[in-house]
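# Understanding the architecture of this molecule
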Amino acid sequence: MFVKSEQWKWVDIAKGIGIILVFLGHFNIPDTLRAEIYTFHMPLFFFLSGVVFNGHKPINRFLGDEAKRMIVPYYCWAFFYFVLFKLLVQIVRGQSVNIGNDVYTYLTMGRKDTIWFLSALLCVQVMAYIFLRLVKNNKALLMFFALLLFSICYLFFYKRGIHNFWINADAAMMALPFFALGYNYRYYRTDIEAKLLHGGWAYWLLFITLSLANIGLGYLNYHLTGVQVDMFHNSYGNPFLMLLSACSGIAAVVLLSYRLNVRWIAYVGKNSMIYFVAHQRFYTVVDPYVLRILGIHIKNALLLQWINAVVMVIASILLFSLINAVLSHIPAIAFMFGIKPNRSSK
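Overview of the structure. (Residues numbered from 1 in each chain as written. Predicted model: local features only at pLDDT ≥ 70, side-chain atom pairs only at ≥ 80, totals over all residues. Heavy atoms only, no water.)

Right, let's get into the packing of aromatic side chains. The final tally for this structure, using the stated rule, is 32 aromatic pairs. An angle of 45° between the planes, with centres 5.1 Å apart, marks the rings of Phe117 and Phe276 as tilted. Of this pair, Phe117 sits in helix α6 (residues 116-134) while Phe276 is found in helix α12 (residues 272-294), placing the two residues 159 residues apart along the sequence. For Phe117, a relative accessible area of 8% puts it in the buried group. Relative accessible area serves as the criterion here: at 7%, Phe276 is assigned to the buried category. Every member of this aromatic cluster is reached through a ring pair, and the members are Phe45, Phe46, Trp116, Phe117, Phe232 and Phe276. The aromatic ring of Tyr81 is capped on one face by Arg281, whose charged end is 5.4 Å from the ring centroid. (Phe/Tyr/Trp six-rings, centres within 6.5 Å; stacked < 30°, edge-to-face > 60°. Helix = DSSP H or I, 4+ residues; strand = E, 2+ residues; numbered from the N terminus. Buried < 20%, exposed > 50% of the residue type's maximum accessible area, 1.4 Å probe, protein only. Lys NZ or Arg CZ within 6 Å of the ring centre and 35° of its normal.)

A separate point is the packing of helix α3 (residues 41-51) against α6. Packed helices, taken two at a time, are described by the angle between their axes plus the distance between the axes. At a closest axis distance of 11 Å, the pairing of α3 and α6 adopts a crossing angle of 40°. Taken together, the axis directions place α3 and α6 in an arrangement best described as oblique. The way α3 lies across α6 gives a crossing that is right-handed. Only Trp116, Phe117, Ala120, Leu121, Val124 and Gln125 of α6 make contact with α3, whose side of the interface consists of Met42, Phe45, Phe46 and Ser49. (Axes fitted to C-alpha atoms, helices over the stretch in contact; angles between N-to-C directions. Parallel < 35°, antiparallel > 145°, perpendicular 65-115°, else oblique. Left-handed = near helix turned anticlockwise from the far one by under 90°. Contact = heavy atoms within 4.5 Å.)

Scope: geometric values only; no functional claims are made or implied.
Following this line, the structure appears as structure tokens:
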């Protein structure tokens, strides 16, 4: 991810919005809202990764960057998860621990915890890099290849219940079209922005239309198939509706990100690793006690859900912003866990 200029600030904003959606999706919110979030929040991250992907790197630099940004953080977070939560927490709670299965899944970068996204993205980027070199950076062919792999994965693996490959290759094949779309958007962005960004009411009308399209297509997918979209659990429903719903949701977030200039959201997006990877375990440990600690007692279950979700989102952002700020000053730890180092600490 090599783009640094101010004109790409919207990417950090979009990632920040995505992180908040991930928080809400994992916290205690109404099921209908969770189902809506899941229609596009993970495809959004793959799209944004495609936007900032550099397919022109020499192979030695590409492999080095992937090891630094994906492989090292993956195994460091996996070790942290396994030792702290799988062993210590579950043993303290008197829960059984399947050590062999957990170790195997972590070693093969399988579907485990929030770090599954890192291995899936690694697989996506390797596939995209190899194919782009073969076709001399032909972006249209990358899009065709991505849709072909998506179709093959859906027909031959998803429909037959075959999933959870090493390095999450099955999820990577389903995610590749969104990555390829982002890569294409990177090169046609200037023309698109010229037509869209100077509009007034028409801009927001398009945003509302795309948002409603995402909601409508997502609902139609669920209504026809009875399946809630969830990439972690290999749930896609109708693949055509899933693609359309996800793309309309992604487009709505992109439009919002161009106009939303909020520094703390940009900070969260710029430093998204720790928020994305660590929040779910924090929620698991803290959620049963947070409202009790705050002394909040409300009989309305829906209102209580929302208060709990908002409190947990705020607490997560504050806590992980503090942890990120501290660890960014320790280069070795920052490197191990994929945290951007503070420039003054270099």
